[in-house]
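# Descriptive structure summary
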Amino acid sequence: MNATITLPDPNTMYQAIVDRDAEMEGLFVMAVKTTGIFCRPGCKAKTPKRENVEFFATADQALAAGYRPCKRCRPMELSGSVPAWLTQLVDALEADSSRRWTNADLEAMGLSPIRVRRWFQQHYRMTFHAYLRTRRIGLAVDMLQTGKDVTSTALDSGYESLSGFRDSLRKWTGQSPTSIKDGEPILVQRILTPLGPMLAAGSDAGLCLLEFADRKMLPKQFERVSKLFAQPILPGTHPVLSEAADQIEQYFQGTRTEFTLPLRLDGTSFQQQVWKLLEGIPFGQTSSYGELAERLGKPTASRAVGRTNGDNRLAIVVPCHRVVRSDGHLCGYAGGLWRKKWLLEHERKLNHNQ
Ligand SMILES: [Zn+2]
């Protein structure tokens, strides 16, 4: 359900943290769920427990996921320390990342906005304002995931209003205002399930995203969805989301085995074919990539089928969890293998009782 990032395997990465192996610098950053902080592999701070660690390929991904850079190893700084002329600004950013900065603010600190911009571009591979925006969006998504209400989300992350939140999401997702259909946003709502909260996104046109909320890749997902449908995303309620919440609840209660929700399965024609096939795998049964490829009449396309399975944006409703390896092995699941196991077991038990 998320794009695959090439990372060393998790055990190797964790060992590098234990060993404070600076050789792994630049290959990944480590984020600690319990503290909300991310570090370089070689950080000298206390080694976190394995189960609390999450890995990202780049610092800006960790940042977008709502983590703060560690003050000790300063993982945002690619080469050495912050130059003396910039220390005051960097300290101010660390102290209050929700603050809005204007050129006048920078000038008041005796800094040249052009010079600041160039430095951020070179060292963080993004503009100064993109850095601040990403940081704020990270905070906002984090709060949405943890269930704070919409208004406090907007306010706590430095937005005066929901329209500010929407505008920033819009900028952050790289949409020019003209390419966004005005007046029809995609709305996002939380749905509580026994496997943890999910976020559902949809509009009049149907449900377009359903994902477990603890997935730190969610900001990326929002970005992809907003681009794909050329619509802004903002927190809110919509009949299609309430209906999704009801049907998901019934699914978990064991009273529903099929969904009747309007779905937006936009994608390439290959993707659409695969997702349709996934929808057709009955409750309580499994299939394999090879089998699906055969059914498509493209027996050699099982890898592409696997990738498309992973690109599914609608967890549970488009049951990508029902695809296992041909030897019965579970293989990956973007929402976490433990969830896939749980879902398959839940469906198997109900099927047996019928
Ligand atoms: Zn650190």
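As the structure is a computational prediction, the values presented were derived from the model and not from experiment.

Where empty space is left becomes clear once a probe the size of a water molecule has been rolled over the atoms. Approximately 260 Å³ is the volume attributed to the second largest pocket. Around the second largest pocket sit 16 residues that line it, and Val32, Thr35, Lys46, Thr47 and Pro48 are the ones nearest its centre. Within the residue set of the lining of the second largest pocket, elements represented by two or more residues are strand S1 (29-32) and strand S2 (37-39). Its residues assigned to classes, the lining of the second largest pocket comprises nine nonpolar, four polar and three charged.

Counted under the stated rule, the structure contains five salt bridges. One salt bridge in this structure joins glutamate 347 and arginine 322, with 2.8 Å as the shortest N-O distance. Here glutamate 347, found in helix H14 (residues 337-353), pairs with arginine 322, found in the loop between helix H13 (302-310) and H14; they are 25 residues apart in sequence, far enough to count as distant. Residue classification places glutamate 347 among the buried residues on the basis of a relative accessible area of 0%.

For the rest of this paragraph, the subject is the nonpolar core. The biggest cluster of nonpolar side chains holds 41 residues, and the ones touching the most others in it are Ile191, Leu207, Leu210, Ile248, Leu263, Leu278 and Ile316. For this core, the secondary structure elements donating two or more residues are strand S5 (186-191), strand S6 (198-203), strand S7 (206-212), helix H10 (239-253), helix H11 (269-279), helix H12 (289-295) and H14. No other element matches H10, which puts seven residues into this core. No fewer than three residues from each of domain 1 (135-253) and domain 2 (269-353) sit in this core. Residues within four places of leucine 263 in sequence aside, it is in contact with Leu207, Glu279, Leu314, Val317 and Val318.

Burial in helix H1 (residues 10-18) covers these residues: Met13, Tyr14, Ala16 and Ile17. Along the axis of H1, the buried positions cluster into a sector of 155 degrees, meaning they face one direction only. The inward-facing, buried residues of H1 contact S1 and strand S3 (53-56). Of the residues that open H1, the one with a side-chain oxygen 3.1 Å from the backbone nitrogen of asparagine 11 is aspartate 9. The positive-phi residue at the C-terminal boundary of H1 is arginine 20, with phi of around 50 degrees.

Our focus in this paragraph is the pairing of S3. Taking every second residue as pointing to the same face, both faces of S3 are buried, with Val53 and Phe55 on one and Glu54 and Phe56 on the other. Across four bridges, S1 lies against S3 in antiparallel orientation. Following the sheet pairing, valine 29 is matched in S3 by phenylalanine 56.

Here we take up the packing of H11 against H13. For the pair H11 and H13, the least separation of the axes is 10 Å and the interaxial angle reads 75 degrees. One finds that H11 runs roughly perpendicular with respect to H13. Contacts between H11 and H13 involve Phe270, Gln271, Val274, Trp275 and Leu278 on the former and, on the latter, Ala304, Val305, Thr308 and Asn309.

Scanning the entire structure with this criterion turns up five aromatic pairs. Between tyrosine 251 and phenylalanine 259 the ring centres are 5.7 Å apart and the planes differ by 35 degrees, which places this aromatic pair in the tilted class. Given the relative accessible area of 0%, tyrosine 251 is considered buried. Judged by relative accessible area, phenylalanine 259 falls into the buried class, the value being 18%. Seen from their ring centres, phenylalanine 252 and tryptophan 342 are 5.6 Å apart, and the 45 degrees between their planes marks the pair as tilted.

Another point: the confidence of the model for the protein chain. On average, residues of the protein chain score 78 in pLDDT, and 74% of them reach the 70 mark or higher. Scored below 50 in pLDDT, residues 1-5 shows 21 contacts in the model against residues more than four places distant or in partner chains. Here residues 154-162 is modelled with pLDDT under 50, and outside its nearest four sequence neighbours on either side it reaches 25 contacts, counting other chains as well.

Summarising the element assignment, glutamine 15 is placed in helix H1. Residue class for glutamine 15 comes out partly exposed when judged on its relative accessible area of 41%. Separated by 26 residues in the primary sequence, glutamine 15 and proline 41 place their C-alpha atoms 9.5 Å from one another.

The rules behind each value
Residues numbered from 1 in each chain as written. Predicted model: local features only at pLDDT ≥ 70, side-chain atom pairs only at ≥ 80, totals over all residues. Heavy atoms only, no water. 1 Å grid on protein atoms, 1.4 Å probe; cavity = no way out; pocket = protein on both sides within 12 Å on 5 of 7 lines; lining within 4 Å. Points joined across faces, edges and corners; volume = space filled by probe spheres on them. Helix = DSSP H or I, 4+ residues; strand = E, 2+ residues; numbered from the N terminus. Nonpolar A, V, L, I, M, F, W, Y, C, P; charged D, E, K, R; others polar. Salt bridge = Lys/Arg side-chain N within 4 Å of Asp/Glu carboxyl O. Buried < 20%, exposed > 50% of the residue type's maximum accessible area, 1.4 Å probe, protein only. Core = buried A, V, L, I, M, F, W, Y, C linked by side-chain atoms within 4.5 Å. Domains from an automatic or database assignment. Contact = heavy atoms within 4.5 Å. Arc of directions from axis to C-beta. Polar contact = N/O pair within 3.5 Å; in protein donor to acceptor, adjacent residues only side chain to side chain. Pairing = 2+ DSSP bridges. Axes fitted to C-alpha atoms, helices over the stretch in contact; angles between N-to-C directions. Parallel < 35°, antiparallel > 145°, perpendicular 65-115°, else oblique. Phe/Tyr/Trp six-rings, centres within 6.5 Å; stacked < 30°, edge-to-face > 60°. pLDDT = per-residue confidence, 0-100.

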